[in-house]
Amino acid sequence: MTIAPERTEQTTASGQVGRSMRRVDAGEKLRGEAQYVGDMIVPGMLHGKVLRSPVAHARIVSIDASEALAMPGVVCVLTGEDFKDQDQFWGHALKDRPIVAAGVVRFVGEPVAAVAAVDEATAEAAVKAIYVEYDELPLVGTVDEALAPDAPLVHTDPTRPGLFHGLGTLPERDGNICYSYELNKGDAAAAFAKADIVVEGTYEFPGIYQYAMETHTVIAQVDSRGITLWATCQHPFLVRAEIAALFGQPLGSVRIIVPYLGGGFGSKSYTKMEPITVALARKARRPVRISNRVDESMATTRRSGAKITMRTAASNDGKLIGRDVKVWFDTGAYADNGPRVTATGADSAPGPYRWEGVHVDAYCVYTNTAPSGSYRAFGASQLQWAGDLQIDEIAHRAGIDPVEIRRMNLLRPGEELRHGGKPMDADLVGDIEKVAAALGWDRPKDPDTGRGVSVGVLAAGAHPVSSAIARMEADGDVYVLVGSTEMGQGQRTAFAQIAGEVLAMPAERVHCEGTDTKFTPYDRSTGASRSTTLAGLAVARAAEEVRKDLLAIAERFWPEPGAPIELRDGAAWCGTERRTYPELIAKRFGLSGGQLVGEADVHPAGTGSYAEGPVFWEICMAAAEVHVDRRTGRVTVLRTATVADVGRAINPQLVERQDEGATMQGIGNALYEEMVFADGRLLNDTLLDYRIPTIADLPVQSACVIVENGDGPGPFGSKGCGEGAFAGIIGALATAVADAGVPVRALPLTPERVWRAMSEQQEEEHR
Amino acid sequence: MRVDLTLNGTPTALDVEPRELLLDVLRDTLGLTGAKRSCDVQVCGACTVLVDGSPVSSCTLLAVETDGHDVLTVEGFREQPAFTRIADAFERHAAVQCGFCTTGMVLTIHALLEDGAFTDEASIREELSGNLCRCTGYRAILAAVGDLAGIGEPA
Ligand code: FES
Ligand code: FES
């Protein structure tokens, strides 16, 4: 996909881009002054609590809320009865999800009712005083159960597309399969027919909880002016559209304010707790806050588990020729972002190699478990490791080093990944050489250690629509308005550096606040590693407009034609003569004030469809070295290396931090994390039982190699990062554990699983 | 119930319910929102405050239990000179991302520095394992604490 080149960006040499300036938001966060939704109080605000289903699949026979309603301090109770005159179904991909259960519950944790009360304790007590009679239905707890012949159906109503499905023509639902995506390139059957080596296997990836430390929290206010929300949402403009459609409001009467987010990682993408909070506030006629607890956020969204069958074909000399993949994603009881995860996963499944034939069938499957959607590097994370394991098997059989076999087969820039869309846009060969060197691939190995390398790509950028406004005040400070959400990634710092660079002034004097959809211009979403690339490009273009203004005013000071005017250090210069920006602004407006305003957008050259995409291919590459304790099965990560192929690092330190964070989350996904469901019930729904990495799990060494080839579509040749390393680390750990002699077929690689795999292998050898 | 405590250096009398958690009293009653709520089960450390100088999870401590004690939250700590030093190390190493773990992390680190608990890299890994951070991947935090404890930057 290409971005329409509306304006030409001017690269200056202001020294703002490419330096590791301190984060602009670090001070207020350290001081505890940074505001998150849960820190806010709206006058008259009530507290909402959701009654959630204790059963995975049932018809609701009756709901008795009379006792709850009679409790002092309870203002109202919301149930399915409140939507008799409203189509209460929502969902950006498929419109399959009611605000509160409409006669049927489909997963444990599904909202059945909600209470608004004067404080949280009262609301919580009232929720316990609502009595619901359920008539349990047969359920499907896993993908296998959902695909069985005569499986109970999770949904029976006709499929309806959501507002932002972005998936072309939606296929009809087939049993419990709500979406499918096929990828075909070349002739896979022919490739397998002539192969010397064929490896095959079945792999399983677990459901995962993103655990943004801040849980989903929303304050809603509904009055004659419309709907106002303070919400933990990554994509405020998409949520605005969905709320407007759901509650029959014009777009402009829905106002969404997004302060800092305490992490997102995809868990706050698209609409989540906003509809139920709005409905409750509407009924209560007062502002209401709903703040999830961790177990509730786990029931709100998660990463889908996946079951994968894969075959890879090669010739004896190690040429990779064919790959055939079937993957079923467990999207839970509602589609959420599952269809996009499915499509992206299919695109990631082959890996960026020069295949003669590839065939991928990807399915998105309903089950009676918590809905699942986005989580950092979705699609690639579930699949890349399986492909890497197969390439290593081929390498082993062909007697070729794992790095070498990849290097031989990698796509070169300009080669096609899939028909249509963007060809390979990065130097993969250079990247793998760098990551191998950073890990010390060729050093001798200690006993019981293993090394692995992983290579993949991820369709990044989502839909390329972003806009920005840059305002220069009379004192020369610049304020950037951009609708992208700061959830920890450091984009406000990156935007300051981008605007500072264009305006030839210190980035420390550029400021960027959170989103208020009433004033902030449109941005499609915060995810898919798109903020620096696309919102950043909008910021650069908006700043460029201010820059043009400054130069035009400067010409009034030095009107001689061809006078060598340049902008530098917050001033216009002509030779040794200098006029500061405040002087320029005073020249235009007189001495009393005024403001220079620049506005710009980014939009696709075509329609921006998924097929035209992606905006860029994010490189998912990493290497790792592990030690496996043969007695206990415990895996220790010794060293990791990642490649941040970012085109141009706006802030190198923040790029490294992205990879470090992704590395640790990758270690969690590969080694520890798994949502354990039994008959649709989540067994580990607290942080006591759901273990995420701590500082004690930090590898001895993690190297991040920043690659700057200037080949990105973003400002100054940049492109996004922060997700690729995640998928890469999972693959590198899986292959490293396999290299240490453990057969790997399922994640996470817990001590028990590793120990069992080793024991089974030994038994087989003795037989 | 009446609770008399020293809160951020000021003698303070509070009227609380016996079942009320310190975190709720700080955040909802007193408007001290620097301590964050996340796991609710004493695992993550986001709600950490110092009670008589020791890190405590305020999500599992009853407010009444602070009677007669000294409670320090980030709102009090940020006025102390020791805060500036820690904050500077965190900023230098970009050890802050979303910030949700940060105040609890900073208070814990302050208490442990005062105790001389950080003697080498292994002790940092051990002592800070009760403070989760999902964003940073900990490496920058390890480096910042290494600097602060004068044990050099870990390799
Ligand atoms: S909220 Fe208290 S330790 Fe997590
Ligand atoms: S900075 Fe986000 S959890 Fe630590």
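Some points on the overall build of chain B
When its secondary structure is counted, chain B shows six helices and five strands. Scanning chain B from its N terminus toward the C terminus, one meets helices and strands in the order β-β-α-β-β-β-α-α-α-α-α. When the backbone C-alpha atoms are referred to their principal axes, chain B occupies close to 50 × 30 × 20 Å. By residue count, 61% of the 155 residues in chain B fall in the buried class. Of the contacts made within chain B by residues no fewer than 6 positions apart, 56% connect residues no fewer than 24 positions apart.

A short note on the domain arrangement of chain B
Residues and elements named next belong to chain B. The domain architecture assigned to chain B consists of domain 1 (2-73) and domain 2 (81-149). Contacts between domain 1 and domain 2 engage 16 residues on the former and 10 residues on the latter. Across the domain 1/domain 2 interface, buried area totals approximately 970 Å², and carbon plus sulfur atoms make up 67% of it. There are zero salt bridges connecting domain 1 and domain 2. For the interface between domain 1 and domain 2, the tally reads two residue pairs in polar contact (both at pLDDT 80 or more). Broken down by element, the residue count for the side of domain 1 that touches domain 2 peaks at three residues, all from strand 3 (residues 48-51). Residue composition of the side of domain 1 that touches domain 2, by class: eight nonpolar, six polar and two charged.

A look at the interface of chain A and chain B
Counting from both sides, the interface comprises 51 residues of chain A and, opposite them, 50 residues of chain B. Between chain A and chain B, the buried area comes to about 4300 Å², and carbon and sulfur atoms account for 56% of it. Together, A:L30, A:M213 and A:I695 form the three largest contributors to the area buried by chain A at its contact with chain B, with a combined 21%. Counting every contact that joins chain A to chain B gives six salt bridges. Two residues, A:E673 and B:R134, come together in a salt bridge whose shortest N-O distance is 2.8 Å.

Section: the domain arrangement of chain A
For interface size, the figure often reported is the accessible area lost on association. All names here are of chain A. With domains assigned, chain A is organised as domain 1 (1-13 + 399-413 + 423-461 + 616-767) and domain 2 (463-602). Contacts between the two partners involve 28 residues from domain 1, matched on the other side by 28 residues from domain 2. Across the domain 1 to domain 2 interface the summed buried area is about 2200 Å²; carbon plus sulfur atoms make up 57%. There are zero salt bridges connecting domain 1 and domain 2.

As for the pattern of salt bridges
Under the criterion given, the structure shown has 62 salt bridges over all chains. Its salt-bridge partner being A:R23, residue A:D25 comes within 2.9 Å of it at the nearest N-O pair. Judged by its relative accessible area of 5%, A:R23 is buried. Each of the salt bridges in this network shares a partner with another, and the network as a whole consists of A:K49, A:R52, A:E120, A:R293, A:E296, B:D24, B:R37 and B:D40.

About the criteria used
- Residues numbered from 1 in each chain as written.
- Chains lettered and ligands numbered in written order.
- Predicted model: local features only at pLDDT ≥ 70, side-chain atom pairs only at ≥ 80, totals over all residues.
- Heavy atoms only, no water.
- Helix = DSSP H or I, 4+ residues; strand = E, 2+ residues; numbered from the N terminus.
- Buried < 20%, exposed > 50% of the residue type's maximum accessible area, 1.4 Å probe, protein only.
- Contact = heavy atoms within 4.5 Å.
- Domains from an automatic or database assignment.
- Buried area = accessible area lost by both parts, 1.4 Å probe.
- Salt bridge = Lys/Arg side-chain N within 4 Å of Asp/Glu carboxyl O.
- Polar contact = N/O pair within 3.5 Å; in protein donor to acceptor, adjacent residues only side chain to side chain.
- Nonpolar A, V, L, I, M, F, W, Y, C, P; charged D, E, K, R; others polar.

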